[in-house]
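Residue-level listing of the chains:
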Amino acid sequence: MGRWNLPDAPWSPCPPELGEDAALSAAVLEVHQVILREQLQGDPFLNHHLEIQQRALRRIEDWRVLLLLTPWMLARLLFPDCSPPLALPGGWSAPEREGAPYQVLGPRILFSLLGQSQQAHLNYHRDLGHFLLQPICLDMGTYADTEAVFEAWGQVIRTRDEKMEQARRDCALQKEVSRRELFSRFKI
């Protein structure tokens, strides 16, 4: 299935019925609606102007990655195609988490994605299996509505892209090459 396929790995990936992206999206939304209704409804820090929405589901290496907006967070969720070679901390096996209450930020996990070191928080739900959560924003109180959250996130992405483009333009190696090219016409 994926490139890891570790037979004795303790991870519980998504159930097979969530193999299709649409099924995973629907399950993520349903799970978080239940969490809101059954565990977080009375939390004074919730922003009830925000809907639970999922966006930008895509595959990156052996992970399905999506953005999830809830009244308590905007986060990136990462679901492995199969058990990744990442050890589960004590108390986080599927049987140990079965009856445990929802925890937004589980233990920190270090992993690699697209050749870069990443950090995320381990999470588990019986209907989703183990997954990783990278919080983007945990203070949702200032947003007027769902679109305001995604507009703010879009601005962050635009700013990041502009900074990356600026860094490419200001690359020392490019300046050195430009200097050489500039002075090469004076060679006799």
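Residues numbered from 1 in each chain as written. Predicted model: local features only at pLDDT ≥ 70, side-chain atom pairs only at ≥ 80, totals over all residues. Heavy atoms only, no water.

Caption draft 1: The arrangement of the side chain of H130 in detail. Examined against the element boundaries, H130 turns out to sit in strand β6 (residues 129–137). The class of H130 is buried, set by a relative accessible area of 0%. A polar contact is formed between the side chain of H130 and the backbone oxygen of W92, at a distance of 2.7 Å. (Helix = DSSP H or I, 4+ residues; strand = E, 2+ residues; numbered from the N terminus. Buried < 20%, exposed > 50% of the residue type's maximum accessible area, 1.4 Å probe, protein only. Polar contact = N/O pair within 3.5 Å; in protein donor to acceptor, adjacent residues only side chain to side chain.)

Caption draft 2: Inspection of the nonpolar core at higher detail. Ranked by size, the top nonpolar core spans 22 residues in total, and within it L24, V28, W72, L77, F79 and L128 carry the most contacts. Sorting the residues of this core by element identifies α1 (21–40), β2 (63–70), β3 (73–80) and β6 as the ones contributing at least two each. Top element by residues in this core is α1. It accounts for 7 residues. Core analysis: the second largest hydrophobic core is formed by 16 residues, I60, A120, L122 and L132 among them. (Core = buried A, V, L, I, M, F, W, Y, C linked by side-chain atoms within 4.5 Å.)

Caption draft 3: Structural view of the packing of aromatic side chains. Counted under the stated rule, the structure contains 4 aromatic pairs. Ring centres 6.5 Å apart and planes at 75 degrees place the aromatic pair W11 and W63 in the edge-to-face group. Residue W11 is located in the segment before α1, and its partner W63 is located in strand β2; the two are separated by 52 residues in the primary sequence. For the pair W11 and W63, a shared accessibility class is recorded, and that class is buried. Both rings, one in W63 and one in F111, keep their centres 5.6 Å apart while their planes meet at 45 degrees; by these two values the pair is tilted. (Phe/Tyr/Trp six-rings, centres within 6.5 Å; stacked < 30°, edge-to-face > 60°.)

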